[in-house]
Amino acid sequence: MATPKLLLPVVAVLVASVSLVAYGAAQETKTLRETPLTESGAPPDLYKQSMPAEGFGRAYRQQPPLIPHKVDGYQVTVGNNACMGCHDWPGNTRFNAPKISETHYVDRQGVRLDKVSGTRYFCQQCHVPQADAKPLVGNSFRNATQAN
Ligand code: HEC
Ligand code: HEC
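Summary of the structure given here.

The rules behind the values
Residues numbered from 1 in each chain as written. Chains lettered and ligands numbered in written order. Predicted model: local features only at pLDDT ≥ 70, side-chain atom pairs only at ≥ 80, totals over all residues. Heavy atoms only, no water. Patch = residues over 30% accessible without salt bridge, like charges linked within 9 Å, V, L, I, M, F, W, Y side chains within 5 Å. Areas by Shrake-Rupley, 256 points an atom, 1.4 Å probe, with all protein chains shown as cover. Salt bridge = Lys/Arg side-chain N within 4 Å of Asp/Glu carboxyl O. Helix = DSSP H or I, 4+ residues; strand = E, 2+ residues; numbered from the N terminus. Phe/Tyr/Trp six-rings, centres within 6.5 Å; stacked < 30°, edge-to-face > 60°. Buried < 20%, exposed > 50% of the residue type's maximum accessible area, 1.4 Å probe, protein only. Near = heavy atom within 4 Å. Nonpolar A, V, L, I, M, F, W, Y, C, P; charged D, E, K, R; others polar. Donors = N, O, S within 2.8 Å, 3.2 Å for Na, K, Ca; no water. Tetrahedral: all angles 85-135°; square planar, octahedral: opposite > 155°, others 65-115°.

Considering a nonpolar patch on the surface
So, point 1. Residues L32, L136 and V137 make up a contiguous nonpolar surface patch of roughly 360 Å² in combined accessible area.
So, point 2. Its location among the elements puts V137 in the segment after α3 (91-95).

Structure below.
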């Protein structure tokens, strides 16, 4: 039979979990969904892509730059990368587009290649356009320079 000494931690854990559950129930559940699950809401507004004339600033030095132009219709498939038509050297000079970074021509082992590395092939894994939209939730992000 368990002694009261042994039971004490068990009771403490029970009390703690009951109060946690009660606390949770008292909190209002926050969700970004505005209509009940049983109804389908109105489609979200469409926002125009931001295209600042002077380009986007970067929040920190290593940030992949945001895309300052439309990308609809530029597909990246195994056989064809539409972005490289303009961003690979020497084609980029014809379109006055910035060449992909030299880091994009280096493979995982550090070997320099003459074509884009497989690790950088899917551009939009890292580079995304920015929509001119209100943030869904507030945020107090400060970039590395502002935070100093
Ligand atoms: C028709 C040519 C063209 C194509 C295709 C194209 N771009 Fe661009 N891109 C440009 C030009 C020109 C700029 C320079 C800024 C401007 O004029 O909009 C640019 C700028 C950028 C920048 C900003 C670079 C920086 O240093 O700020 C990124 C990132 C970028 N493009 C990514 C992409 C990705 C990803 C794709 C494919 C989904 C793509 N681009 C397809 C022409 C192109
Ligand atoms: C794994 C993430 C990643 C992928 C995938 C990637 N990039 Fe980048 N890209 C970056 C980062 C980070 C930078 C900025 C730092 C640097 O130069 O490496 C950058 C820089 C750039 C620049 C600016 C170069 C300069 O000198 O200012 C262009 C243009 C660009 N990328 C285009 C592309 C295109 C086109 C693709 C697809 C073929 C691509 N990137 C794929 C992360 C990525």
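Observations concerning the packing of aromatic side chains
So, point 1. For the structure shown, the criterion picks out 1 aromatic pair.
So, point 2. Seen in terms of ring centroids, Y121 and F122 are 5.1 Å apart; in terms of plane orientation they differ by 85°. Their pairing is edge-to-face.
So, point 3. Take Y121: its relative accessible area is 16%, and that puts it in the buried class.

With respect to the site of ligand 2
So, point 1. S101, H104, C123, C126 and H127 are the nearest of the 22 residues found near ligand 2.
So, point 2. Considered class by class, the residues forming the shell around ligand 2 number 10 nonpolar, 9 polar and 3 charged.

Here we look at the pattern of salt bridges
So, point 1. Under the criterion given, the structure shown has 2 salt bridges.
So, point 2. Between R112 and E102 there is a salt bridge; the shortest N-O distance is 3.6 Å. With R112 in the segment after α3 and E102 in the segment after α3, the pair connects residues that are 10 residues apart, well separated along the chain.
So, point 3. The class for R112 is exposed, based on a relative accessible area of 62%.
So, point 4. Sharing partners across several salt bridges, the network here consists of K99, E102 and R112.

Structural notes on the coordination of the iron atom of ligand 1
So, point 1. For the iron atom of ligand 1, the full set of protein donor atoms is H69 (NE2) and H87 (NE2), at a range of 2.0 Å.
So, point 2. In this structure, the iron atom of ligand 1 is surrounded by 6 donor atoms whose angles at the metal cover 88 to 178°, and the resulting shape is octahedral. Linking H69 in the loop between α1 (4-26) and α2 (84-87) with H87 in helix α2, this pair joins segments that are 18 residues apart in sequence.

With respect to the coordination of the iron atom of ligand 2
So, point 1. Around the iron atom of ligand 2, the protein supplies H104 (NE2) and H127 (NE2) as donor atoms, at distances of 1.9 to 2.0 Å.
So, point 2. For the iron atom of ligand 2, the 6 donor atoms in the first shell make angles of 85 to 179° at the metal, a pattern classed as octahedral. Of the two residues, H104 sits in the segment after α3 while H127 sits in the segment after α3, which places them 23 residues apart along the sequence. Taken as a pair, H104 and H127 share a single burial class, namely buried.

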